[in-house]
Amino acid sequence: MDLEELRVAVYRSFAETGHAPGRRDLADQLSLDAQAVGAGLKELARARHLVLDEHGQIVMAHPFSSVPLGFSVMGIRTLWWGGCAWDAFALPHLLPDQGEVLVATRCPACSRPHAWNVGTEHPPDGAQVAHFLVPVQRMWDDVVHTCRHQRIFCSEDCVDNWIQSTRSTRGYVMDLSTLWWFAAHWYEGRMDRGYVRREPAAAAAYLRSVGLSGPFWGL
């Protein structure tokens with residue numbers, strides 16, 4: 001099986017429909033049997049290209065998600081779930097034909113709704129802040145939990161209120177401009193054949209290039 005062909009088929013299905021493809025859909029598209037597709041998906045998940053649930057169904061193909069984790073992203077005709085603040089802001093960069101997309105969410109602390117037009121030219125306006133709860137070294141321990149807790153708050157006051165009410169440990173806080181720059185090129189190439197995940201050294205260099213440093217990021 002050509003795993004790269006399977007990976008690209010998953011990504012393109014997400015991009016076109018907003019939904020994760022099923023094993024039968026992928027099998028029909030690639031002229032394979034469903035069992036072979038299932039084995040291929042598990043290989044891609046082991047390589048951290050996908051996230052599967054306990055039944056082998058696709059939950060995430062970053063920055064796409066098949067389940068709501070706090071963000072919706074509306075394009076010209078398609079609605080996607082943004083896997084987290086990071087992923088939601090990354091989607092217009094991965095789908096430049098969409099132009100600006102509408103990213104919407106609610107503050108986890110006070111439930112106030114927020115929405116931004118997010119494109120590829122410049123960061124959106126807004127005084128809100130993004131809070132990343134789980135340190136980089138632990139993100140893949142439970143990646144769905146990690147993504148569910150990369151959220152956007154009204155302000156640092158709301159972050160503090162949420163931390164206190166949930167008895168959580170404060171993570172990393174960044175403004176919307178930093179979030180946009182961070183997301184802009186992180187997933188570059190994932191829609192195309194030949195994509196290779198960033199090696200740790202390259203990932204660290206990228207994080208430093210957008211002004212992220214310190215123990216939270218493993219730097």
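Here, every reference points to the structure presented above.
The structure reproduced in this document is the subject of the present report. On a predicted model such as this, the values are computed, not experimentally measured, just so you know.

### As for the sheet that holds strand 9 (residues 150–153)
Strand order in the open sheet made by the three strands is 9-8-10, with antiparallel pairing throughout. The strands lining the two open edges of the sheet, one partner per strand, are strand 9 and strand 10 (172–175). Neighbour-to-neighbour, the strand axes of the sheet open up by a mean angle of 25°, direction not taken into account. Pairing of strand 8 (residues 129–132) with strand 9 involves four bridges; the strand directions are antiparallel. Along strand 9, the bridge assignment pairs Ala130 with Ile152.

### Side note on the pattern of salt bridges
Scanning the entire structure with this criterion turns up seven salt bridges. In this structure, Arg46 engages Glu43 in a salt bridge whose closest nitrogen and oxygen atoms are separated by 2.4 Å. Of this pair, Arg46 and Glu43 are both found in helix 3 (residues 34–46), three residues apart, which corresponds to roughly one turn of the helix. Arg46 gets classed as exposed once you look at its relative accessible area, which sits at 58%. One network of salt bridges, in which partners are shared, links Glu156, Asp160 and Arg170.

### As for the packing of helix 2 (residues 23–30) against helix 3
The geometry of helix 2 relative to helix 3 is characterised by a closest axis approach of 8 Å and an angle of 110° between their N-to-C directions. Taken together, the axes of helix 2 and helix 3 are roughly perpendicular relative to one another. The segment helix 2 lies against helix 3, with Arg23, Arg24, Leu26 and Ala27 engaging Ala34, Val37, Gly38 and Leu41. When the residues that make up the contact of helix 2 with helix 3 are grouped by side-chain class, the tally is five nonpolar, one polar and two charged.

### As for the packing of aromatic side chains
In this structure the tally under the stated criterion is 17 aromatic pairs. An aromatic cluster of at least three residues, connected via ring pairs, comprises Trp86, Phe132, Tyr172, Phe182, Trp186, Tyr187, Tyr206, Phe216 and Trp217. One cation-aromatic arrangement involves Arg7 over Tyr11; the distance from NZ or CZ to the ring centre is 5.4 Å. When the ring centre of Trp186 is taken as reference, the NZ or CZ atom of Arg198 above it lies at 5.1 Å.

### Details of the nonpolar core
Buried together is how nonpolar side chains tend to be arranged in soluble globular proteins. Within the largest apolar cluster, 69 residues are counted, with the highest numbers of intra-cluster contacts made by Phe64, Phe89, Phe132 and Phe182. Here this core takes seven residues from helix 4 (residues 85–94), the largest share from any one element. Those residues in contact with Phe132, other than ones at most four positions away along the chain, are Trp86, Met139, His149, Gln150, Gly171, Tyr172, Met174, Leu179, Phe182, Phe216 and Trp217.

### Considerations on helix 3
The terminal C-alpha atoms of helix 3 lie 18 Å apart, and with 13 residues this matches the ideal 18 Å at 1.5 Å per residue to within 8%. Where helix 3 is concerned, the buried positions are Val37, Gly38, Gly40, Leu41 and Leu44. Here the buried residues of helix 3 occupy an arc of 165° about the axis, which is enough to place them on one side. Seen from the open side of helix 3, the exposed residues pointing more than 90 degrees away from its buried face are Gln35 and Arg46. Tucked inside the fold, the buried residues of helix 3 contact helix 1 (3–17), helix 2, strand 1 (51–52) and strand 2 (58–61). Between the side-chain oxygen of the N-cap and the backbone nitrogen of Gln35 there are 3.0 Å, and the N-cap of helix 3 in question is Asp33. Of the residues flanking the end of helix 3, it is Arg48, one or two places downstream, whose phi is positive at about 65°.

### Considerations on helix 7 (residues 176–184)
Turning to helix 7, its buried residues number three or more, namely Leu176, Leu179, Trp180, Phe182, Ala183 and Ala184. Considering only its buried residues, helix 7 is in contact with helix 4, strand 7 (113–118), strand 8, strand 9, strand 10 and helix 8 (200–209). Between a side-chain oxygen at the N-terminus of helix 7 and the backbone nitrogen of Ser177 the separation is 3.3 Å; the capping residue is Asp175.

Cut-offs applied
Residues numbered from 1 in each chain as written. Predicted model: local features only at pLDDT ≥ 70, side-chain atom pairs only at ≥ 80, totals over all residues. Heavy atoms only, no water. Pairing = 2+ DSSP bridges. Helix = DSSP H or I, 4+ residues; strand = E, 2+ residues; numbered from the N terminus. Axes fitted to C-alpha atoms, helices over the stretch in contact; angles between N-to-C directions. Salt bridge = Lys/Arg side-chain N within 4 Å of Asp/Glu carboxyl O. Buried < 20%, exposed > 50% of the residue type's maximum accessible area, 1.4 Å probe, protein only. Parallel < 35°, antiparallel > 145°, perpendicular 65-115°, else oblique. Contact = heavy atoms within 4.5 Å. Nonpolar A, V, L, I, M, F, W, Y, C, P; charged D, E, K, R; others polar. Phe/Tyr/Trp six-rings, centres within 6.5 Å; stacked < 30°, edge-to-face > 60°. Lys NZ or Arg CZ within 6 Å of the ring centre and 35° of its normal. Core = buried A, V, L, I, M, F, W, Y, C linked by side-chain atoms within 4.5 Å. Expected span 1.5 Å × (residues − 1). Arc of directions from axis to C-beta. Polar contact = N/O pair within 3.5 Å; in protein donor to acceptor, adjacent residues only side chain to side chain.

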